[in-house]
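Residues per chain, in single letters:
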Amino acid sequence: MSCPHNNYRAMEDDIHTDFKDDMSYGDYLKLNQVLTAQQPLSYQHDEMLFIVIHQASELWLKLAGHELSSAVKNIQEGDFGHGFKVISRVKQILNQLTQSWNILSTLTPVDYLKFRDALGHSSGFQSYGYRKVEFLLGNKNASLLKVHESDPVVHQELKVILDAPSLYDVTLKVLHDNGLSIDADVLSRDFSQAYQSNDSVLQAWLSVYQNADEHFQLYELAEKLIDIEDSFQQWRFKHMYTVQRIIGNKMGTGGSTGVGFLKKALDISFFPELFELRTHL
Ligand code: HEM
């Protein structure tokens, strides 16, 4: 008979316990691969935290990239329902990623310095999962492919995403398809180049916001994109701030000026006119 106070949960007879010839939880998730990939190069206690935060972030970035590829396709096909669903998920993934800085902030500068040399020139700057997400959202920069030249498969994957329309590019096409006038050179632009703010796009968004009832889906899409940029900027800011807290103004292991370089990323907007329009409403 069960007793609520014995602090013990009995096994149930039907619980599966024999996995000799049956697929277990660990088999399905390949946990023997995932959980043996944490291999510190130093004997310092905190290197494990450093590795786990990065690996966990890479998994979330992988999922964000997977979802964003689908969002681009959904919006391209005019399937707003599925597009909105995955964009909402991406926002939560980004928020989850931002949360992880609070754990990393428990790493003190002194403790980090104990194993920093072991990292060599490796840096998150070389994260292809992150670059994929930036490119999918629309922060295109061909020169960033260079660090991936030693891995032709990754390089090719990123090149395809660099050359393809971003989430914002497909959104602008949808504006045009909905009768809003967008300059032809915006629609046929070289997608591998950084997106430049454009007046016809600003006017189109202004019209969407001023006639929200008429263009409700576009209005909703715009606000979902704002959500994504908001969450993404919070990740960028917390990264920069955590880095400042841990290494001050030292150079990055990747060779950049460090915090100064990360601060410049905060000026990059995926959807510039969506912010500009607010001034003009
Ligand atoms: C002690 C912790 C960390 C420090 C000191 C640090 C420092 C830096 C620095 C200085 C850069 C600029 C490039 C360079 O010169 O290396 C950078 C870039 C980057 N880091 Fe970190 N980082 C830390 C943790 C993380 C974590 C946990 C992630 C998660 C994936 C991450 C992802 C990135 C990414 C994606 C970039 C490129 C950003 C961009 O292109 O704007 N970093 N990091």
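The structure presented is a predicted model; accordingly, all values stated were derived computationally and were not measured.

**Examining the overall build of the protein**
Of the regular secondary structure elements, the protein holds 13 helices and zero strands. When its helices and strands are written in sequence order, the protein yields α-α-α-α-α-α-α-α-α-α-α-α-α. Here the C-alpha coordinates of the protein stretch approximately 65 × 55 × 40 Å along the principal axes. For the protein, with 281 residues in total, the buried portion stands at 22%.

**Some words on the site of the ligand**
What surrounds the ligand is a group of 24 residues, the closest being Ser123, Gly124, Gly252, Gly254 and Ser256. Elements with a minimum of two residues in the shell around the ligand: helix H3 (47-76), helix H11 (216-247) and helix H12 (259-265). Residues belonging to the shell around the ligand are distributed by class as follows: twelve nonpolar, twelve polar and no charged.

**Description of the UniProt feature "binding site: heme" (unreviewed entry) in the protein**
As recorded in UniProt, the sites labelled "binding site: heme" (unreviewed entry) are His239. By C-beta crowding, His239 is classed as buried, having 21 other C-beta atoms within 10 Å. Not counting chain neighbours up to four residues away, the residues in contact with His239 comprise Trp101 and Leu262.

**Regarding the UniProt feature "binding site: substrate" (unreviewed entry) in the protein**
Here, the residues flagged by UniProt with the feature "binding site: substrate" (unreviewed entry) are Phe50, Ile51, Val52, Ile53, His54, Tyr112, Arg116 and Thr253. Position of His54 among the secondary structure elements: in helix H3. By C-beta crowding, His54 is classed as partly exposed, having 16 other C-beta atoms within 10 Å. Summarising the element assignment, Arg116 is placed in helix H5 (residues 109-116).

**Looking at the packing of H3 against helix H8 (residues 167-177)**
At a closest axis distance of 9 Å, the pairing of H3 and H8 adopts a crossing angle of 10°. The orientation of H3 with respect to H8, classified from their angle, is roughly parallel. Where H3 abuts H8, its residues Leu68, Ala71, Val72, Ile75 and Gln76 lie against Leu167, Val170, Thr171 and Val174. For the contact of H3 with H8, the per-class residue count stands at seven nonpolar, two polar and no charged.

**With respect to the nonpolar core**
Here is a general trend for soluble globular proteins: nonpolar side chains tend to be buried in one another's company. Membership of the largest hydrophobic core comes to 40 residues, with the highest contact counts inside it found for Leu68, Ala71, Val90, Leu136 and Leu167. A per-element tally of this core places H11 first, with seven residues.

**As for helix H4 (residues 80-104)**
Along its 25 residues, H4 runs 37 Å from first to last C-alpha, staying within 8% of the 36 Å computed at 1.5 Å per residue. Among the residues making up H4, those that are buried are Gly83, Val86, Ile87, Val90, Ile93, Leu94, Leu97, Trp101 and Leu104. Packed against the buried residues of H4 are H3 and H11.

**Concerning unusual backbone geometry**
Trans peptide bonds make up most of the peptide bonds, and negative phi angles are found at most residues other than glycine. Although it is not a glycine, Asn7 adopts a positive phi angle of roughly 60°. Looking at where Asn7 falls in the secondary structure, it is placed in the segment before helix H1 (25-29). For Asn7, a count of 6 C-beta atoms within 10 Å corresponds to the exposed category. Positive phi values are uncommon outside glycine, yet Lys30 reaches one of about 50°. Look at Lys30 and you get exposed, because 9 C-beta atoms sit within 10 Å.

**Considerations on H11**
With 32 residues, H11 extends 46 Å from end C-alpha to end C-alpha; this agrees with the ideal 46 Å at 1.5 Å per step. Restricting attention to buried positions, one finds in H11 the residues Leu218, Leu221, Ala222, Leu225, Ile228, Glu229, Phe232, Trp235, His239, Met240 and Val243. Buried positions along H11 lie against H4, helix H6 (128-137), H8, helix H10 (199-210), H12 and helix H13 (272-280).

Reading the values: the criteria
- Residues numbered from 1 in each chain as written.
- Predicted model: local features only at pLDDT ≥ 70, side-chain atom pairs only at ≥ 80, totals over all residues.
- Helix = DSSP H or I, 4+ residues; strand = E, 2+ residues; numbered from the N terminus.
- Buried ≥ 20, exposed ≤ 12 C-beta atoms within 10 Å, placed from the backbone.
- Near = placed C-beta within 6 Å.
- Nonpolar A, V, L, I, M, F, W, Y, C, P; charged D, E, K, R; others polar.
- UniProt positions renumbered as here; feature names shortened; annotations may be inferred.
- Contact = placed C-beta atoms within 7 Å.
- Axes fitted to C-alpha atoms, helices over the stretch in contact; angles between N-to-C directions.
- Parallel < 35°, antiparallel > 145°, perpendicular 65-115°, else oblique.
- Core = buried A, V, L, I, M, F, W, Y, C linked by C-beta atoms within 7 Å.
- Expected span 1.5 Å × (residues − 1).

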